[in-house]
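Coordinate inspection notes
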Amino acid sequence: MRAVVTVIGKDRTGIIYSISKVLAESNVNIEDISQTIMQGFFTMIMLVDLTNMTGDFKQLKSDLENASAALGMSIHLQHEEIFDAMHTI
Amino acid sequence: MALFKNVIETIQMIEKEKLDIRTITMGISLLDCVDSDGAKARQKIYDKITTCAQNLVKEGERIDTELGIPIVNKRISVTPISLIAGASNDSDYIEFAKTLDKAASQVGVNFIGGYSALCPKGFTNGDLRTIQSIPEALATTEKVCASVNLGSSQTGINMDAVRLMGEIIKKTAYDTRQDDSIGCAKLVVFCNAVEDNPFMAGAFHGVGEPDKVIHVGVSGPGVVKTALEKCHNASFDEMAEIIKKTAFKITRAGQLVGTTVSKRLGVPFGILDLSLAPTPSVGDSVARILEEMGLEHAGAPGTTAALAMLNDAVKKGGIMASTSVGGLSGAFIPVSEDEGMIESAEIGAITLEKLEAMTCVCSVGLDMIAIPGDTPATTISGIIADEAAIGMVNHKTTAVRLIPVYGKTVGDRAEFGGLLGYAPIMKVNPYSCDHFINRSGKIPPPVHSFKN
């Protein structure tokens, strides 16, 4: 099961460090990372694998939200299938 | 990079443009709960609902978390109570309404639909008793929604039911007068009612449906409006294409939610209803889409044409995206639940007559319209008859949800709260239709050929 982590906000040091730390602690593997500046905002998207995740999805989401709040950024964790469903025929 | 674009677009749709799954509605058949002893029947109803739907809210919330798309309402529709209570020896059905309310509270849903009667050709005793008890049922329960289907293209219009419903709506308004006659917001009168509608207040579980089923209602007027904003000078053909593509994406999100809920609950997936259903919050309005298309306000000349195009394009996009499209699927135009429509009504840009014309080309009917509390019952019946005639002749569902707000008149405003919103009291044609409504019998069904 794969999910997409999206982080949006003002660029600063330590973003990837803080987010990947939470993911590593839950044994979530990062498969791909891309980042860009969109409309003046730093935007990072990670594709992660939840297969061996320890703990549950809700907890991971909450941990990620806490980490991004500390960075002053917004974060989303969503199953990959929502994007496939909406954007592919 | 394609993923990047898709992810950002999806998040924007959800966060800024208010894309949401409006409702997951579990349809539950109560046919196996019938009993000549009303108390036994009610116990079976309570047990069946609380067993079938015990995990509905929990699973809905879980999927909301996992997909990151809000699932606003979890609801239940049941077999029309006129059929179930009608099989008992009871003559007072209020306890059935209370049982539904209690079961709905137990499983945590916010509405339960199906306090309904189907009487397009005439009444059974069960139909009459159900209809007569609607005012008290809606005044004494919180979550129960009622509906009456009184006409169809095949059978014509039961004008006795039309006359009766005018009186019932007035009585419901009086019985809930403390809260701006809010009982009427939970009562829909239909012609050509569909049996798999997930949206309240008109949802009921038709007898042709399976024992249990999951229906999903998706919304997203804000997403359509934003898509149109990006191409301000597009031609009509281009606009239709944009709406279709947007509807496709919205429908796909609903389809995913529906099939996931269905799999997890072990309940078959029924239909996906893609309806642009507005809410009173800014950015979630169908009227604003019409304005984006080039009208100064909803209700201006051109409104019916714009709505016809919008409704059709939404259906086409939805049908491409899912083979399970059903329910009402189109655009809703409730006045009190649409911030742009409220503004149009307040400044006089839209009238009851224009709304009636609009219902000829969109998915439902005269919806959530507050009218003066002293409107005669026969006038309400006349409006119902007109709307039912539109549905009957055009082979489409039409509905009437009027609120004659007790003690208020044109210039006042009714407040319903929450998703039901607020509405200015709209002017009603003052001329009488008493003699017409007080005739008895049926309007025969129209011919289905010679369509010139």
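Throughout, a residue's number is its position along its own chain's written sequence, starting from 1. Each chain takes a letter, starting from A, and each ligand takes a number, starting from 1, following the order in which they are written. Totals for whole chains, interfaces and linings use all residues, but because this is a predicted model, local features are given only for residues with pLDDT of at least 70 and pairs of side-chain atoms are given and counted only at 80 or more. Values reported for side chains reflect all heavy atoms of the structure, with hydrogen atoms and water molecules removed beforehand.

Counting from the N terminus, the helices are the DSSP runs of H or I reaching at least four residues and the strands are the DSSP runs of E reaching at least two. For chain A, the helix and strand inventory stands at three helices and four strands. In sequence order, the secondary structure elements of chain A are arranged as β-α-β-β-α-β-α. Along the first, second and third principal axes, the C-alpha atoms of chain A reach 35 × 30 × 20 Å. Only protein chains enter the accessibility calculation, which uses a 1.4 Å probe; a residue whose area is less than 20% of its type maximum is buried, one above 50% is exposed, and one in between is partly exposed. Scored against the burial criterion, the 89 residues of chain A give a buried share of 46%. Only heavy atoms matter for contacts: two residues are in contact if any of them lie within 4.5 Å across the pair. Sequence separation of 24 or more characterises 67% of the internal contacts of chain A that already satisfy a separation of 6 or more. Of the roughly 4500 Å² of accessible surface on chain A, 50% is carried by carbon and sulfur atoms. Where accessible areas are quoted, they stem from the Shrake-Rupley method and a 1.4 Å probe; at the residue level, only the protein chains shown are allowed to cover.

Attention shifts here to the interface of chain B and chain A. One frequent convention defines the size of an interface as the accessible area lost when the parts assemble. Counting residues at the interface gives 25 residues for chain B and 26 residues for chain A. Once two parts are put together, the accessible area they lose, assessed with a 1.4 Å probe and summed over both, is termed the buried area. Three residues, Phe4, Thr65 and Glu66 of chain B, lead the burial of chain B against chain A; their summed loss comes to 25% of the area buried on that side. Here, a salt bridge means any side-chain nitrogen of Lys or Arg that lies within 4 Å of a carboxyl oxygen of Asp or Glu. Here chain B and chain A share zero salt bridges between them. Polar contacts here mean pairs of N or O atoms no more than 3.5 Å apart (in protein, one a potential hydrogen donor and the other a potential acceptor; neighbouring residues in sequence count only if both atoms are side-chain atoms). Along the contact surface separating chain B from chain A lie eight residue pairs in polar contact (both at pLDDT 80 or more). Put simply, the parts of the chain that give the side of chain B that touches chain A at least two residues each are α1 (2–15), α3 (56–67) and α9 (236–265) of chain B. Of the residues forming the side of chain B that touches chain A, the biggest block, twelve residues, is contributed by α1 of chain B. Each residue is assigned to one class: nonpolar for Ala, Val, Leu, Ile, Met, Phe, Trp, Tyr, Cys and Pro, charged for Asp, Glu, Lys and Arg, and polar for all the others, Gly among them. Tallied by class, the residues present in the side of chain B that touches chain A amount to 14 nonpolar, five polar and six charged.

Residue and element names in this part refer to chain B. Residue ranges for the domains originate in an automatic or database domain assignment. Annotation of chain B at the domain level lists domain 1 (28–54 + 69–191) and domain 2 (216–443). Put simply, the middle of domain 1 and the middle of domain 2, counted by C-alpha atoms, are 23 Å apart. Residue-level contacts link 35 residues of domain 1 with 42 residues of domain 2. Together, the buried faces of domain 1 and domain 2 total about 3100 Å²; carbon and sulfur atoms form 66% of this surface. It is Ile157, Met159 and Asp180 in domain 1 that bury the most area against domain 2; as a group they hold 21% of the surface buried on that side.

Below, the discussion takes up the packing of aromatic side chains. All names here are of chain B. What counts as a ring pair is set by centres within 6.5 Å for rings of Phe, Tyr and Trp (its six-membered ring), and what kind of pair is set by the plane angle: stacked under 30 degrees, edge-to-face over 60, tilted for all other angles. Going through the model one piece at a time under the given rule, you end up with three aromatic pairs over all chains. Ring geometry for Tyr93 and Phe96: centres 5.9 Å apart, planes at 75°, overall edge-to-face. Each member of the pair, Tyr93 as well as Phe96, is classed as buried. Aromatic pair Phe199 and Phe332: ring centres 5.0 Å apart, planes at 80°, arrangement edge-to-face. Within this pair, whereas Phe199 is found in the loop between β7 (187–191) and β8 (212–219), its partner Phe332 is found in the loop between β10 (330–331) and α12 (339–347), the two being separated by 133 residues in sequence. Across the pair, Phe332 and Phe199 agree in class, each one buried. For a Lys NZ or an Arg CZ to count as sitting over a ring, it must be within 6 Å of the ring centre and within 35 degrees of the ring normal. One Lys or Arg, Lys102, reaches over the ring of Tyr46 and ends 4.9 Å from the middle of that ring. One Lys or Arg, Arg177, reaches over the ring of Tyr174 and ends 4.0 Å from the middle of that ring.

Applying the stated rule across the entire model yields 28 salt bridges over all chains. With its nearest N and O atoms 3.4 Å apart, the salt bridge here joins Glu25 of chain A to Lys21 of chain A. Separated by four residues within a single helix, Glu25 of chain A and Lys21 of chain A lie in helix α1 (residues 15–25), roughly one turn from each other. Given a relative accessible area of 41%, Lys21 of chain A falls into the partly exposed group. Across the salt bridge formed by Lys316 of chain B and Asp312 of chain B, the nearest N and O atoms sit 2.5 Å from each other. Here the residue Lys316 of chain B and the residue Asp312 of chain B both occupy positions in helix α11 (residues 303–321), the gap between them amounting to four residues, near one helical turn.

Our focus in this paragraph is the packing of helix α7 (residues 159–175) of chain B against helix α14 (residues 377–394) of chain B. Residues and elements named next belong to chain B. A fitted line through C-alpha atoms serves as each axis, taken over the contacting stretch for helices, and the angle formed by two N-to-C directions is quoted from 0 to 180°. Put simply, α7 and α14 touch, their axes get as near as 8 Å, and they point 130° apart. By the angle between their axes, α7 is oblique relative to α14. For the pair α7 and α14, the crossing hand works out as right-handed. Of α14, the residues touching α7 (which contributes Met159, Val162, Arg163, Met165, Gly166, Glu167, Ile169 and Lys170) are Ala377, Ile380, Ser381, Ile384 and Ala385. Here the residues of the contact of α7 with α14 sort into eight nonpolar, two polar and three charged. In these notes the angle categories are as follows: under 35 degrees is roughly parallel, over 145 is roughly antiparallel, 65 to 115 is roughly perpendicular, and the rest is oblique. Two helices cross in a left-handed way if the nearer one is turned anticlockwise from the farther one by less than a right angle. They cross in a right-handed way if the turn is clockwise.

As a further point, take the packing of helix α5 (residues 94–107) of chain B against helix α6 (residues 125–140) of chain B. Residue and element names in this part refer to chain B. Interhelical geometry of α5 versus α6 gives an angle of 30° and a closest axis separation of 9 Å. Note that α5 runs across α6; the crossing there is right-handed. Across the interface between the two elements, Ile94, Ala97 and Lys98 of α5 pack against Ser133, Glu136, Ala137 and Thr140 of α6.

Residue and element names in this part refer to chain A. By definition, two strands form a pair when at least two bridges between them are found by DSSP. Read across the sheet, four strands follow the order β2-β3-β1-β4 without closing on themselves; strand pairing throughout is antiparallel. Of all the strands in the sheet, the pair left with one neighbour each is β2 (29–38) and β4 (74–79). Strand-to-strand, the axes of this sheet are offset by a mean angle of 15°, without reference to chain direction. Sheet topology note: the β2/strand β3 (residues 41–49) ladder contains nine bridges and is antiparallel. What sits directly across from Asn29, in β3, is Asp49. α1 contacts β1 (2–9), β2, β3 and β4 of the sheet and is inclined by roughly 25° relative to β3.

To continue, consider the sheet that holds strand β5 (residues 151–152) of chain B. Residues and elements named next belong to chain B. Ordered in space as β5-β6-β15, the three strands form an open sheet in which the pairing is antiparallel. Every interior strand has two partners, whereas the edge strands, β5 and β15 (442–443), have only one. As paired strands, β5 and strand β6 (residues 156–158) are joined by two bridges and run antiparallel to one another. Following the sheet pairing, Ser152 is matched in β6 by Gly156. Across the sheet, α7 is in contact with β6 and β15; its angle to β6 comes to roughly 45°. Here α14 sits on the sheet in contact with β5, β6 and β15, set at roughly 155° to β6.

Once that is clear, we can look at the side chain of Ser219 of chain B. Residue and element names in this part refer to chain B. Among the secondary structure elements, Ser219 is positioned in strand β8. Assessed through its relative accessible area of 0%, Ser219 is described here as buried. Looking at Ser219, its side chain comes within polar contact range of the main-chain oxygen of Ala277, at 2.7 Å. Ignoring anything within four residues of it in the chain, the contact list for Ser219 reads Leu19, Asp20, Arg22, Ile250, Ser275, Leu276 and Ala277.

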